[in-house]
Amino acid sequence: MIIEENEEVVLSEERGRAFITIKVDGYNLKKFDEVTRKYARLKVTNFMALKKAVENKSHEPIEIGCWIDSIDIELSADKMQAVVTIYESQSYIQEHTQEIQSAINQLVTKNNIIYGQVPIDFQKVITGKTYIIATGLPPQKGTDAIVTYLHQAEKKPEINADGKANYFDMNFIVEIKEATWLGEKIPAQEGIEGRNILGEVIPSEKGDDVPLKYDSESAYEVEEDGKTVLRSKTNGVIGEINGVLSVQKHLVINGDVGLETGNLKFDGSIQIKGTVLPGYSIIASGDISVESNEGVNSAELIKSTEGDVFIKGGIFGKDITKIEAYKNIYIKHANGCTLEAQENVFIGFYTMGSTIFGNEIFLDERKGKIIGGKVIAINSITAAYAGNSLEKKTELIVLGIDRKILTENAKTKAEEMMKLQEEMTKLNFQLSQLNQFKNTMSTQQIAAFEQTKQKYHMMENEVKDLDIEIKRILSLLRTSTDYFIDITQEANAGTVVQIGNKSTTLSKATKGKFKIENGELNV
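Residues numbered from 1 in each chain as written. Predicted model: local features only at pLDDT ≥ 70, side-chain atom pairs only at ≥ 80, totals over all residues. Heavy atoms only, no water.

Caption draft 1: The arrangement of the sheet that holds strand β5 (residues 62-67) in detail. Strand order in the open sheet formed by five strands is β1-β2-β3-β5-β4, and the pairing between neighbours is antiparallel. In the strand order of this sheet, the two ends are held by β1 (2-5) and β4 (42-44), each with one partner. Within the sheet, the average angular offset between the axes of one strand and its neighbour, ignoring direction, is 30°. Sheet analysis places strand β3 (residues 17-22) next to β5, joined by four bridges and oriented antiparallel. Bridged to A18 within β5 is G65. (Pairing = 2+ DSSP bridges. Helix = DSSP H or I, 4+ residues; strand = E, 2+ residues; numbered from the N terminus. Axes fitted to C-alpha atoms, helices over the stretch in contact; angles between N-to-C directions.)

As structure tokens, this is what we get:
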């Protein structure tokens, strides 16, 4: 088939192959380019042959490329889209719209496209550009499961109208009854199926499940109205241990801890309506709340091994009282006592002659005073005043952290925990095997069996403690490295300011945010 013929050249096609014949001398590539601009279907694939034909003025047909189809259709690998490319001139497209549309329809039928066809606006078609002629419907993933929990008491001070923080009037403990609603899960939903351009169904994906995190010994699941509802197995207080919701045992002392109660040690939370009398102690695994407005006077020890300590009044410790919390300490004032928190310490009014340790230590930014004693933090100390006009020695120390040492410490503890877990797996296997013969065991064998169980439970507690410590270290590593001491009103002369290994004793009153700048303390 002759595509183009004039006095100089013949452009022909045979079975999809394109040929050129040079009829006269003086023909060049520029003239050939003028011819090929008219034919979008001509695809030159052998440029060297074309160049040789022009240079040698070949009078015989030379194959230079191919004569491609007028319309090309392409389906995506996932059969979700089909595109066409029209290789005809703009004028030809406008003059032969119906023919081109008919050819496209034939290609659509030939390729079994039956869904999602898209019309083409031939008035805007450009030669050689691809256009979508069919598109599938993607499947829609289902909604993820939705989990909600009963709100716990927000253990933070309220901000009064005058902007001051009220550290000693907080809703610290939420009491609940047996079968109380603790949370619920709306299950993940099925998605909406899709369809490709061949009409084939594309299965949808169900939404992701989200587990209800709770202590199975204190709560249970029940199906209600298409939802999984979490309810309490017992009376107690709502709590959280290592990110898991639990109902903790709750002991309420309506009066004081003293002669009538003796020292208290309790696996759960303790709420004391009165105070803790001189010389008495409280140790609890959960939160401890002492709600007397008079506070605590000369008590020996108040310690929470897994929770917070809240003392509505202040402490007059007479250098005897010690408060320890695995998490936070909230207190009105601290006088002659020791406070130690693994997380933060919040003090409403003042601390005098006390030793305080925590990750971050906060006093009221307008009136909070640190007078005498030693206040030690990992990250920061914030107060309005430090020291007094008598230049009473007051030490403010921010230690910072050695990330390398902490990382190595976490790694060592993780290795220790893995070894314990391996031993526990072996012990658990032994126990499961021995348990089958428990009814036929002798007295000595039963004793040995019980000792093995005790060993397993001891290792279980060790793993739990290691896991808690590793998480605490990792939390420290994630905290900001902006260590500072912020005294908003006045730091008196005689106040010791130390950050890391840099320290100084103030010789005159000043205020500001003290931190390390360019390797030095900015005092």
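Caption draft 2: Seen up close, the pairing of strand β38 (residues 495-499). Burial within β38 is extensive, with four of its five residues counted as buried. Pairing between strand β36 (residues 394-398) and β38: five bridges, direction parallel. Looking at the pairing, V398 lines up with I499 of β38. Summarising the sheet, β38 and strand β39 (residues 502-505) pair through four bridges and their orientation is antiparallel. Residue pairing across strands places V496 opposite T505, the latter belonging to β39. Hairpin connection between β38 and β39: a loop of two residues separates the two successive antiparallel strands, and G500 in this loop has a positive phi of roughly 65°. (Buried < 20%, exposed > 50% of the residue type's maximum accessible area, 1.4 Å probe, protein only.)

Caption draft 3: Expanded view of helix α6 (residues 443-478). Helix length check: α6, at 36 residues, gives a terminal C-alpha distance of 53 Å against a target of 52 Å (1.5 Å per residue), a fit within 8%. Within the sequence span of α6, burial applies to F449, T452, Y456, M459, V463, L466, I468, I470, I473, L476 and L477. (Expected span 1.5 Å × (residues − 1).)

Caption draft 4: View of the sheet that holds strand β8 (residues 130-135). As summarised here, the arrangement of the three strands in space is β6-β7-β8, forming an open sheet in which the pairing is antiparallel. Bordering the open sheet on either side are β6 (71-75) and β8, each of which pairs with just one other strand. Within the sheet, the average angular offset between the axes of one strand and its neighbour, ignoring direction, is 25°. Direction of pairing for strand β7 (residues 81-86) relative to β8: antiparallel, over a ladder of five bridges. Counted as the bridge partner of A82 is A134 from β8.

Caption draft 5: Fine view of the packing of aromatic side chains. Across all of its chains, the model carries two aromatic pairs by this definition. For the pair Y330 and F346, a centre-to-centre distance of 5.0 Å together with 5° between the ring planes defines the contact as stacked. With Y330 in strand β30 (residues 329-335) and F346 in strand β32 (residues 344-352), the pair connects residues that are 16 residues apart, well separated along the chain. Owing to a relative accessible area of 3%, Y330 belongs among the buried residues under this scheme. Judged by relative accessible area, which is 14%, F346 ranks as buried. (Phe/Tyr/Trp six-rings, centres within 6.5 Å; stacked < 30°, edge-to-face > 60°.)

Caption draft 6: Here's a closer look at the side chain of T85. Checked against the element boundaries, T85 lands in strand β7. For T85, the residues in contact, after removing those within four places along its chain, are S70, I71, D72, G128, K129 and T130. (Contact = heavy atoms within 4.5 Å.)

On their own, these measurements won't tell you what the molecule is for.
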